[in-house]
Amino acid sequence: MAKGRTLFLGAGCLLVVLGLVIAGLAAIGMRQPALGRRAVLAVRLDRSIVERVRQDPLAEIAGKQPIGLRDLRKALRHAASDDRIVGVRLRVDRYSGSIGVAQEIRDLLAEVRTAGKWTTAYLETAGEFMGGNLDYLVAASCDDVSLNPMGDVNLIGLSIRFPFVRGSLDKLGIRPEYPGRGDYKDARFMYTHRDFTPAQREMMEWLGSSLTDQLVEDIATSRGMESDRVRYLLDRGPYLGDEAAEAGLVDRLEDWQEFRSRVDRESEGAETVGVRDYLGRAVGTHGGPKIAVVTASGTILRGESGTSVNPLTGGDIMGSETIARAFRNARATRGVKAVVFRVDSPGGTPLASEIIRREMALTADRVPVVVSMVNTAASGGYWIACGAHRFVANRGALVGSIGVLVGHLNMDPFWAERLGVTFGRLDFGANANLYGTLEDWTDPQRVVINRILDRTYETFVGLVADARGMTPEQVDALGQGRVYTGVQAKANGLIDEVGGFDVALAAARELAGISPEERVELVDFPKIRPWWKQFLGRRTAEGAAIRDAVGALEQAWRNGFLAAPGMVWMPPVYIQ
């Protein structure tokens, strides 16, 4: 009886909450009058930027719904051609995205400026006792930049950090063995080395140099400076408020209220409208031919997409079943003339990658497919792109890492000598312990492992060769685990064009025979679940994540370690 009463009360509370949410959404819809003749589009960046935002009515009612990159792109592109929008007011509180996404936002703001609209930016600070390179890069994309008088411009140059755990393994009595294909396939060096190998250091230096060149050129172009001048300033940062103004990095020192009041006066009473408000009041649904947009991000593993708490795969999981189904649905949808495949992944397992690539290739047999590489399309993230008709990557995206690795940890000394745990051992087969963690590999077992590595690397190289019109020898010369920025990938023939989503969309239009002036309807795959399903399933998802975490720890206890994400995976490289 008590249990039934509890369930009844719980269901009643849920209905009340849902009723309030629906009423709130209705109220939001009712208070949206038509946009006036003159308006300023107000954009605020204050949290991580994701490609697509899941609808959250409670956050929307509270005014805390984040803005996705897709919505921001739609708003800025529409504002560029909207005669009612006189300018864009940008506030950068904290930019938490990559340099590739920062470049996409910069290009969108440049489109607004090219259309004859003014753009202005406000920074409380560009980094607060931390690097603020990208905060400043985004703000500097505008015509002028204001800074709070107590703020700083921490334009100090990019840093690359790469974690090595060999020292920890040695302390724990764990012996690593991580063979691979490619001197530059550096994921294995996390376990086997304490510092960069010569090849790895060479690669990190060319990545850092290319990204720094892009940062310098973008700031120089935006601020009307010579590149040498920006490099000079970069080496002498950070800058206090008055120093930033004297150096020409900002135009005014003023607080937020002073900035807003000044912009309002100079806009001559134009209405100020936020991004979500603008999309709801002024941007209608476009008709015309359909172009499917398949969005895929995270570590590539078999199964459904989701999230992980594994220290190595933590974050988004790109499930092969989810993305393969998205491609099947895209090509089955009536009226779809082309597909843009939006990719952001450091790789994962070869099988999961091949499942996705195969479905994309089947789709490409029917309609044009263009890959848009956002932040990272490396290792398995590049594998899944093979088979598309055209490759596009952001200038600062990390591309390539054509190489494979596999790993083995001998945990026996750790269990026996550090913890006093011993294992009774019985193996019924010469290779029964091949994937175990209590012995070193035998020489015959190493032959088996090398055969697996050779097969996977040769398959990877062959797929790239077919996709890029190269010989396997040419791909091998570019591969061996090497990672390139988008600019470098273009120079080496690994992509066709540098640019963001709009460049990829233009390529899809061209291949599908759709004129640049014709309106198109973008259709997203996988579909985002309705908000009420998200609301009801949130606890279920949280419970599943906890169960996965417990299962991973339980497996770590039985097997001795947390497995790496896969043979075609690039480790975390921290660039800030």
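For the structure, check the block above.
Residues numbered from 1 in each chain as written. Predicted model: local features only at pLDDT ≥ 70, side-chain atom pairs only at ≥ 80, totals over all residues. Heavy atoms only, no water.

(A) Highlighting unusual backbone geometry. In this structure, the amide linkage connecting G237 to the following residue, P238, adopts the cis form with an omega of 5°. Summarising the element assignment, P238 is placed in the loop between α9 (227-235) and β9 (239-240). The omega torsion across F525 and P526 is -10°, close enough to zero to call that bond cis. For P526, the location among the structural elements is in the loop between β25 (521-525) and α21 (531-559). A positive phi angle, near 55°, is found at S379, a position not held by glycine. One non-glycine residue, Q480, lies in positive phi territory at about 60°. On the accessibility criterion, Q480 (23% relative accessible area) is partly exposed. (Helix = DSSP H or I, 4+ residues; strand = E, 2+ residues; numbered from the N terminus. Buried < 20%, exposed > 50% of the residue type's maximum accessible area, 1.4 Å probe, protein only.)

(B) Region of the structure containing the pairing of strand β1 (residues 39-45). In terms of burial, β1 is largely enclosed, as 6 of its 7 residues are buried. The pairing of β1 with strand β11 (residues 271-274) spans 4 bridges and is classified as parallel. Among the inter-strand pairings, L41 is bridged to a residue of β11, identified as V273. (Pairing = 2+ DSSP bridges.)

(C) View of the nonpolar core. Core analysis: the biggest nonpolar cluster contains 81 residues, and V294, F341, M373, Y382 and I402 have the highest contact counts within it. The biggest single contributor to this core is helix α17 (residues 443-468), with 9 residues. Ignoring any residue separated from it by four or fewer positions in sequence, one finds V294 in contact with I323, A326, F327, A330, V339, V340, F341, R342 and F525. (Core = buried A, V, L, I, M, F, W, Y, C linked by side-chain atoms within 4.5 Å. Contact = heavy atoms within 4.5 Å.)

(D) Geometry of the packing of helix α3 (residues 69-81) against helix α12 (residues 275-282). Contact geometry of α3 with α12 gives a least axis separation of 10 Å together with a crossing angle of 60°. Taken together, the axes of α3 and α12 are oblique relative to one another. The element α3 and its partner α12 pack so that their crossing is left-handed. For the pair formed by α3 and α12, the contact residues are D71, L72, K74, A75, H78 and A79 on the first element and V275, R276, Y278, L279 and A282 on the second. (Axes fitted to C-alpha atoms, helices over the stretch in contact; angles between N-to-C directions. Parallel < 35°, antiparallel > 145°, perpendicular 65-115°, else oblique. Left-handed = near helix turned anticlockwise from the far one by under 90°.)

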